[in-house]
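In case you want the letters, here they are:
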Amino acid sequence: VNEAAVNEETVLAEITGMLREVLDGYLDGSDVAGIEVTMETRFHEDLEMESIDLVALGSRLSERYGEWVNFAEFIAGLDLDEIIDLTVGRLVGYVVAAQRTATVTA
Amino acid sequence: VSVVRANGVDHHVQEMGPAGTPTVVCVHGIGTASLASFYFTVAKPLADTGLRVVMYDLRGHGRTERPPTGYTLDDYVDDLAGLLDQVAGCEAVYLLGNSFGGTVAFSFAARRPGRVAGIAVIESEPAAPEWATKMAANLERAATELARGEALAWITVRYGRRTAKLAKAAARMLDSTTLVRDIPASAVPARDRLSALRCPVLAVYGADSDRAAVR
């Protein structure tokens, strides 16, 4: 894991790319490419993502970042209200922290 | 890769838990459900006990392909059989089915008893003539009501915008496939095949379940 990857901005950009892939062709009549994704963007309210879209995003996260980024584990630690209000920023924070753990351990 | 082609349909498949341990295959219900019904609920606790959990989106649902036709119970049983042949370590599995998913599990077990180590179902029952009649009425009602704006407006008020969006997606699925016709027209498993099952079966029902009164 290189140092540059353990960086919020990089991770935000990468997750934004994954969101476009996940939502392409699924979002009702919206132009996914035109949505601005920030740390404050909410998966449910702003991106109108369904739970199955989150599962698809989780797959891409582990493909990109490896086993240390465990989306199911991350979600399991949240209660229902937290999942509903989940922001991109909170996920970015988790990925950055998980990568640091991986770097320290490796 | 989480796409497995089974019975001619590309299925979205997810796994949790350690490989090489007893496998639980989760089968979700029809309509607004998907493998997320398990992924965000029981999958993780099951995986934490050391089980391998395999989940998939049924045809027409979630991120699995949506062919225009082929939605009888037997089609779903063939899909499951195909998946178990494709996914490694699924020679004998525990089936966990919610609602229609449990009905699929019972039909699969009736056909391939040797592949099923045990069955657990939630709000579910094996297919039977009464089941087909009930499904016909429920599906017909869902398709008709969801096609009208008032039902969606009511769902929005009662359950919120996200549930309404799921209902709208389900309405599109009912409208673009033969599911409403196919499910009630399904062949039901012979009773003696079901009563011959020797694997453990756990069936869970809520107090308000329409099945609770039957038992």
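Look a little higher up for the structure.
These numbers come from a predicted model, not from an experiment.

Trainee: Help me get a handle on the overall build of chain B, residues and values and all.
Mentor: Along chain B, the regular secondary structure elements total nine helices and seven strands. At 17 Å, chain B has a C-alpha radius of gyration in line with the 17 Å of a compact globule built from 215 residues. Dimensions along the principal axes, computed over C-alpha positions, put chain B at roughly 50 × 40 × 35 Å. Taken over 215 residues, chain B has a buried fraction of 49%. Sequence separation of 24 or more characterises 74% of the internal contacts of chain B that already satisfy a separation of 6 or more. Accessible surface for chain B amounts to roughly 10100 Å². Of this, 55% is attributable to carbon and sulfur atoms. Separation between the mean location of the 24 positive side-chain charges and that of the 22 negative ones in chain B comes to 4 Å.

Trainee: Before we move on, can you summarise the sheet that holds strand E5 (residues 93–98) of chain B with the specific residues and values?
Mentor: All names here are of chain B. Strand order in this open sheet of seven strands is E1-E2-E4-E3-E5-E6-E7, and the pairing throughout is mixed. Each having just a single partner strand, strand E1 (3–6) and strand E7 (201–204) make up the two edges of the open sheet. Here the strands of the sheet are splayed against their neighbours by 25° on average, with no regard to which way each runs. Where strand E3 (residues 23–27) meets E5, four bridges bridge the pair, whose relative direction is parallel. By the bridge assignment for E5, Cys26 is matched with Leu96. In the packing of helix H3 (residues 73–86) onto the sheet, contacts are made with E1, strand E2 (9–16), E3, strand E4 (52–56) and E5, and the angle to E1 comes to roughly 120°.

Trainee: Now, about the interface of chain A and chain B: what can you tell me, with residues and values included?
Mentor: Taken together, the 20 residues of chain A in the interface contact 18 residues of chain B. Counting across the interface, chain A meets chain B through five salt bridges. On inspection of chain A and its partner chain B, the count reaches seven residue pairs in polar contact (both at pLDDT 80 or more). If one sorts the elements of the side of chain A that touches chain B by residue count, helix H2 (residues 51–65) of chain A sits on top with seven residues. Its residues placed into classes, the side of chain A that touches chain B shows eleven nonpolar, three polar and six charged.

Trainee: Lay out a nonpolar patch on the surface in plain terms, naming residues and giving numbers.
Mentor: Taken together, Ile122, Leu202 and Val204 of chain B make up a surface patch of nonpolar side chains, about 240 Å² in accessible area. With respect to the helices and strands, Ile122 of chain B occurs in strand E6 (residues 116–122).

Trainee: Got a sec to walk through the nonpolar core? Specific residues and values, please.
Mentor: Ranked by size, the top nonpolar core spans 45 residues in total, and within it Ile15, Phe43 and Leu61 of chain A carry the most contacts. Those elements that place two or more of their residues in this core are helix H1 (8–23), H2, helix H3 (71–76) and helix H5 (88–105) of chain A together with E3, helix H1 (36–39), helix H2 (43–48) and E4 of chain B. When near neighbours in sequence (up to four residues on either side) are disregarded, Phe43 of chain A contacts Leu19, Glu48, Met49, Leu54, Leu57, Leu86, Thr87, Val88 and Leu91 of chain A. Ranked by size, the runner-up nonpolar core spans 44 residues in total, among them Tyr56, Ala110, Leu139 and Val180 of chain B.

Trainee: Explain the packing of aromatic side chains residue by residue, including any values.
Mentor: Residue and element names in this part refer to chain A. For the coordinates displayed, the defined rule picks out seven aromatic pairs over all chains. Pairing Phe71 with Phe74 gives two aromatic rings, centres 6.3 Å apart and planes at 45°, and the pair type is tilted. Taken as a pair, Phe71 and Phe74 lie in helix H3 at a separation of three residues, close to a single helical turn. Grouping residues by exposure puts Phe71 and Phe74 together as buried.

Trainee: Quick rundown of the pattern of salt bridges? Include the residues and the values.
Mentor: Residues and elements named next belong to chain A. Considering all chains together, one arrives at 21 salt bridges over all chains under this definition. For Arg60, the salt bridge is made with Glu21, and the minimal N-O distance between the two is 2.8 Å. Placement of Arg60 in helix H2 and of Glu21 in helix H1 is noted, with a sequence separation of 39 residues between them. Taking relative accessible area as the criterion, Arg60 reaches 26% and is therefore assigned partly exposed.

Trainee: If you had to explain the pairing of E4 of chain B to someone new, which residues and values would you point to?
Mentor: All names here are of chain B. Within E4, five of the five residues are buried, leaving the element largely enclosed by the surrounding structure. Bridge count for E2 against E4 is four bridges, and the pairing is antiparallel. Counted as the bridge partner of Glu15 is Val54 from E4. Two elements, E3 and E4, share five bridges in a ladder whose sense is parallel. Considered in E4, the bridge of Val25 is made with Val54.

Trainee: Describe the side chain of His28 of chain B, with residues and values.
Mentor: All names here are of chain B. The topology assignment puts His28 in the loop between E3 and H1. A polar contact is formed between the side chain of His28 and the backbone nitrogen of Leu58, at a distance of 2.9 Å. When near neighbours in sequence (up to four residues on either side) are disregarded, His28 contacts Ala33, Ser34, Leu35, Ser37, Phe38, Tyr56, Asp57, Leu58, His61, Asn98, Phe100 and Gly101.

The rules behind each value
- Residues numbered from 1 in each chain as written.
- Chains lettered and ligands numbered in written order.
- Predicted model: local features only at pLDDT ≥ 70, side-chain atom pairs only at ≥ 80, totals over all residues.
- Heavy atoms only, no water.
- Helix = DSSP H or I, 4+ residues; strand = E, 2+ residues; numbered from the N terminus.
- Rg over C-alpha atoms; globule rule 2.2 N^0.38 Å.
- Buried < 20%, exposed > 50% of the residue type's maximum accessible area, 1.4 Å probe, protein only.
- Contact = heavy atoms within 4.5 Å.
- Areas by Shrake-Rupley, 256 points an atom, 1.4 Å probe, with all protein chains shown as cover.
- Lys, Arg positive; Asp, Glu negative; His and termini not counted.
- Charge placed at Lys NZ, Arg CZ, Asp CG, Glu CD.
- Pairing = 2+ DSSP bridges.
- Axes fitted to C-alpha atoms, helices over the stretch in contact; angles between N-to-C directions.
- Salt bridge = Lys/Arg side-chain N within 4 Å of Asp/Glu carboxyl O.
- Polar contact = N/O pair within 3.5 Å; in protein donor to acceptor, adjacent residues only side chain to side chain.
- Nonpolar A, V, L, I, M, F, W, Y, C, P; charged D, E, K, R; others polar.
- Patch = residues over 30% accessible without salt bridge, like charges linked within 9 Å, V, L, I, M, F, W, Y side chains within 5 Å.
- Core = buried A, V, L, I, M, F, W, Y, C linked by side-chain atoms within 4.5 Å.
- Phe/Tyr/Trp six-rings, centres within 6.5 Å; stacked < 30°, edge-to-face > 60°.

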